[in-house]
Amino acid sequence: MPNVAPKRQHAAAVPARRRAFRSAVLNSAVLRSAGLRRAGVGGVGRSVTGFSGVLWLGVALLGVVFGPASSALAVPTEPVRRGPVPLKPGTHGVGQLVPATRFTDLNGTTHTVGDQEGSTIYAATGTSCPLSVRYLPTLVQLAKTLPDTFSLVLINPTATDDRDAMRRDADQFSNTVAYVHDTNGSLSAALGLQTTTDVVIIDAARTVQYHGAIDDQYGFGYALDAPRHTYLADAIAALAAGREPTIAATDAPGCELETAARLTPTDELTYHRQISRLVQRHCVDCHRDGGVGPFSLDSYDDLVAHAGMVREVLRRGTMPPWFAADDAATHDNEVSSERPLTWANERSLAPTEKATLLSWLESEKPLGDARDAPQSTTYPDGWLIGQPDQIWNFAEPQPVKATGVMPYQNIVVDTGLIEDRWVQAIEIRPGSPEVVHHVLVHVLHPEDDEVPREDREGYWAVYVPGQSVQSYPEGFARKLPAGARLNFQMHYTPNGTATTDTTRIGVVYSDTPDHEIRTTGIVNTRLEIPPGASNHREDASITIPTDAMVLAFLPHMHLRGKACRYELTREGATTTLLDVPRYDFNWQLIYRLAEPLSLSRGDRLSFTAYFDNSSSNPANPDPTETVRWGPQTFEEMHLGYIEYYLPGVQPGREPGEDSWWGELVSRLRNTDLDAAFTRLDTNEDGELVREELPDHLRDRLMRLDLDKSGGVSREEAARLHKR
């Protein structure tokens, strides 16, 4: 499983990360965006209304009516303009062994793939392809800034290119690179190069670490003043820091090569040649000594000893843990097809990778030649985010019993902050990971006197095994207000031995960012699952009141949760954004988009969930019960978290706070709502029912009735004072 936790970058790498993240926004299909108002939540056959966060309460109070979303331009099926597209790494050769191919450079020096120390960048180029010519200055500049552990080899795969022109190009590098005229295409084929702008990075053990474009400055039908995605520079920075690239594979628009088909080694399938690389990339992050997996898979003996179990979970599709539906599964040529990368943190095996691993597991499991083995992977003993600027931990160890089931435990930790801080990276480290199922952290503001009601308003940080870090590029951060307390919602799973846990959280601060990372939820608290129902459906949706960029989804249900999906409805057309046909409560996975999703006001996001309350569900606590909303696992939740940011909105503020209606909302928040509540509550029952509200505000204020009790409580009204 890839380690997606970035360490702190070298100063030179930071602008590249920032450009790469922002370019994902600029390169989205629609350059508009969305905030998240809950406006229509309910099960099948009912429609109710609720809100999340003070922005939506202010909108409801003022009755703001937004106009319809503007029409999107029709996009041809084969656009004239095309730039690089991120691909699923396993379909593009990442993680594979490159044959030890011999080649000779223009100076007559003979080399062999793998004889260079450190990592080697093999970049296709040419003197006759226009895109190659445009990218030559970029490669010249890249060569000047390479880390000491990297070397660069240029490959010209066009047999008819002029040799004098090639020498002139090579001279621009001042003899710091090898320039190869690959006239027969053998080197290009061994590396899997597909175009004259393609780039492959391999390590000293000949394992492909990156395969894709240099950047997106030039492509078919367009040219930019500067790149928005710096794929190659970002990959080099990540590998130099000991991390896997966030985007490890893209296509590379350029002149197509006839030698595009990758040469497949004819040697037999062996552990050292192919299998160790697959297991290292997809499994060992958890299944190693010191990892959270129940057993190690970081050696041949370990894998053979657990071959039966590994084969079983591969066939069932439960490992590696990734449950989003694969669009490529519907393709006739799914084994060989490359597909765009939807999720930046995707863990699944490509079809060819899965077939290779199963084939070896069902064979005599040959070991092979140790000289073909990949480089060993080292894992940091300390914090994955680097040394945190601040660490908080439980005041006292939390007892975890040996057997049975434990209800959620809520542990509150005071941050002691005397001023607002912005947090760019967060890491949660359980003290006893073997019994910590998952952790949700919520921020309690100074005026909050209780934990957030049943998680509805979005998490601040999250932990699941193998996914302990939330880290954002420069310019993006989460807010941690002065006086905040952190509520840790701990889900412990007893494992047969009584123990204790002291979970810690570390953060890296940043200056005031350009964009504030936010989270909200699409929720249906009125779910009602009949006894024995095996495929009960519940729905919820939100209407987008202002532009926003969606970064990630995190669906949350309990033991009866069976399947779920997020959908976008725009101008009458509905598109599935995330489909989880087999939901597993044991893995509270974040599905982080490779490209931020641009939404517009008036768009509608829906979260549909299916529940199995039948006796055929072995995890069902009681199939005879009617199941309703509740925080414990024997109850249920219908909660689709969304992580997003609002472009053009100053961090720490809400949309429209600079407008006339935003100022009015601010004034309302500063009024004595408690006194107003007392005046309106004529029967003194602690709730404002419809008859007690002013006629002109009745419908709007009743939207504050979050729990659908038929009245607005003091707590619900007081939320106007809170962010």
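So, how was this worked out
- Residues numbered from 1 in each chain as written.
- Predicted model: local features only at pLDDT ≥ 70, side-chain atom pairs only at ≥ 80, totals over all residues.
- Heavy atoms only, no water.
- Helix = DSSP H or I, 4+ residues; strand = E, 2+ residues; numbered from the N terminus.
- Buried < 20%, exposed > 50% of the residue type's maximum accessible area, 1.4 Å probe, protein only.
- Contact = heavy atoms within 4.5 Å.
- Areas by Shrake-Rupley, 256 points an atom, 1.4 Å probe, with all protein chains shown as cover.
- Arc of directions from axis to C-beta.
- Polar contact = N/O pair within 3.5 Å; in protein donor to acceptor, adjacent residues only side chain to side chain.
- Pairing = 2+ DSSP bridges.
- Axes fitted to C-alpha atoms, helices over the stretch in contact; angles between N-to-C directions.
- Left-handed = near helix turned anticlockwise from the far one by under 90°.
- Nonpolar A, V, L, I, M, F, W, Y, C, P; charged D, E, K, R; others polar.
- pLDDT = per-residue confidence, 0-100.
- Parallel < 35°, antiparallel > 145°, perpendicular 65-115°, else oblique.
- Phe/Tyr/Trp six-rings, centres within 6.5 Å; stacked < 30°, edge-to-face > 60°.
- Lys NZ or Arg CZ within 6 Å of the ring centre and 35° of its normal.
- Salt bridge = Lys/Arg side-chain N within 4 Å of Asp/Glu carboxyl O.
- Disulfide = S-S within 2.5 Å.
- Right-handed = clockwise from strand over helix to strand, strands pointing away.

### Side note on the overall build of the chain
Of the regular secondary structure elements, the chain holds 14 helices and 34 strands. Residues classed as buried in the chain amount to 55% of the 723 residues present. Taking contacts inside the chain between residues at least 6 apart in sequence as the whole, the part at least 24 apart equals 80%. Total accessible area computed for the chain in this model is approximately 30700 Å², and 49% of it derives from carbon and sulfur atoms.

### Some points on helix 4 (residues 163–171)
All of the buried residues along helix 4 are A165, M166, D169 and A170. Projected onto a plane normal to the axis of helix 4, the buried residues spread over an arc of 140 degrees and lie on a single side. In helix 4, the exposed positions angled more than 90 degrees off the buried face are occupied by R168 and D171. Tucked inside the fold, the buried residues of helix 4 contact helix 3 (130–145), strand 5 (150–156) and strand 6 (178–181). Two or three places before D164, at the opening of helix 4, D162 has a side-chain oxygen 3.1 Å from that residue's backbone nitrogen.

### Examining the environment of D612
Here D612 lies in the loop between strand 30 (604–611) and strand 31 (627–628). In this structure, the C-alpha to C-alpha distance between D612 and I529, residues 83 residues apart in sequence, is 8.6 Å. Every residue in contact with D612, bar those within four places of it in the chain, is listed here: A533, S534, R560, K562, N617 and N620.

### Notes on the sheet that holds strand 26 (residues 548–556)
The strand order across the open sheet formed by four strands is 23-32-26-29, and the pairing between neighbours is antiparallel. Each edge of the open sheet carries a strand with a single partner, namely strand 23 (518–523) and strand 29 (591–599). Shown here is a sheet whose adjacent strand axes are inclined to one another by a mean of 35 degrees, direction ignored. As paired elements, strand 23 and strand 32 (residues 639–645) share six bridges and run antiparallel to each other.

### Side note on helix 9 (residues 307–316)
Of all the positions in helix 9, only A307, V310, V313 and L314 are classed as buried. One side of helix 9 holds all its buried residues, which, seen down the axis, span an arc of 135 degrees. Summarising the contacts, the buried residues of helix 9 are in contact with helix 8 (300–305) and helix 10 (351–361).

### Section: the packing of helix 9 against helix 10
Remark: helix 9 packs on helix 10, axes separated minimally by 10 Å, with the N-to-C direction vectors making an angle of 145 degrees. Once helix 9 is placed against helix 10, the crossing between them reads as left-handed. Here A307, V310, R311, L314 and R315 of helix 9 come into contact with helix 10, specifically with K354, L357, L358 and L361. For the contact of helix 9 with helix 10, the residue count by class is six nonpolar, no polar and three charged.

### Topic: the confidence of the model for the chain
For the chain, the mean per-residue pLDDT works out to 80, and 80% of the residues sit at or above 70. Between the elements of the chain, mean pLDDT differs from a low of 33, seen in helix 2 (residues 54–62), to a high of 97, seen in strand 7 (residues 199–202). Predicted confidence for residues 260–266 stays below pLDDT 50, and this span has 17 contacts to residues more than four positions away or in other chains.

### A closer look at the packing of helix 7 (residues 271–282) against helix 10
Close contact between helix 7 and helix 10 brings their axes to 10 Å; oriented N to C, the two are set at 120 degrees. On the basis of their axis angle, the class for helix 7 and helix 10 is oblique. By crossing handedness, the relation of helix 7 to helix 10 is classed as left-handed. Residues Y271, Q274, I275, L278, V279 and H282 of helix 7 pack against E353, T356, L357 and W360 of helix 10. Broken down by class, the residue content of the contact of helix 7 with helix 10 amounts to six nonpolar, three polar and one charged.

### Comments concerning the packing of aromatic side chains
What the rule picks out here adds up to 13 aromatic pairs. The interplanar angle of 75 degrees and the centroid separation of 5.1 Å between the aromatic rings of Y135 and Y218 together place this pair among those described as edge-to-face. Residue Y135 is located in helix 3, and its partner Y218 is located in strand 9 (residues 218–219); the two are separated by 83 residues in the primary sequence. Residue Y218 is classed as buried on the basis of its relative accessible area of 16%. Aromatic ring contacts, followed pair by pair, group W322, W343, F553, Y566, Y591 and F607 into a single cluster. Positioned over the ring face of W383 is R429, at 5.1 Å from the centre of the ring.

### Some thoughts on the pattern of salt bridges
As a working rule, side chains carrying opposite charge can pair if their charged atoms are close by. Counted according to the given criterion, the structure contains 17 salt bridges. Linking R518 and E516 is a salt bridge whose minimum nitrogen-to-oxygen distance equals 3.5 Å. Taking the relative accessible area as the measure of exposure, R518 reaches 8% and is therefore buried. Where E643 meets R592, a salt bridge forms, and the shortest distance between an N and an O atom there is 2.6 Å. Highlighted residues: E643 in strand 32 and R592 in strand 29, separated in sequence by 51 residues.

### So, the state of the cysteines
Applying the stated criterion to the full structure yields one disulfide. Disulfide partner of C129: C255, at an S-S distance of 2.3 Å. Note on the C129 and C255 pair: the S-S dihedral is about 95 degrees, so by sign convention the disulfide is right-handed. Placement of the pair is C129 in the loop between strand 4 (119–124) and helix 3 and C255 in the loop between helix 6 (231–240) and helix 7, with a sequence separation of 126 residues. By relative accessible area, C129 is classed as buried at 4%. We note that C286 lacks a disulfide partner, and the nearest cysteine sulfur, in C283, lies 9.2 Å from it.

### Focus on the sheet that holds strand 5
Across the sheet, which stays open at both edges, the five strands sit in the order 6-5-4-7-8 with mixed pairing between neighbours. In the strand order of this sheet, the two ends are held by strand 6 and strand 8 (208–212), each with one partner. With direction set aside, neighbouring strand axes in the sheet form an average angle of 15 degrees.

### As for unusual backbone geometry
Geometrically, the link from M319 to P320 is a cis peptide bond, its omega value of -10 degrees lying close to zero. Among the secondary structure elements, P320 is positioned in the loop between helix 9 and helix 10. Non-glycine residue E571 carries a positive phi angle of around 50 degrees. Mapping E571 onto the fold places it in the loop between strand 27 (561–570) and strand 28 (573–580).

### Some thoughts on the side chain of T125
Looking at where T125 falls in the secondary structure, it is placed in the loop between strand 4 and helix 3. Among the residues examined, T125 registers a relative accessible area of 0% and is labelled buried.

### Things to note about the pairing of strand 5
Counting buried residues along strand 5, six of its seven residues qualify, which places the element largely inside the surrounding structure. Pairing analysis gives six bridges linking strand 4 to strand 5, with the strands arranged parallel. Counted as the bridge partner of S119 is F150 from strand 5. After leaving strand 4, the chain enters helix 3 and then returns to the sheet as strand 5, a path that is right-handed. Both strand 5 and strand 6 contribute to a ladder of four bridges, which runs parallel. Across the sheet, N156 pairs through a bridge with H181, a residue of strand 6.

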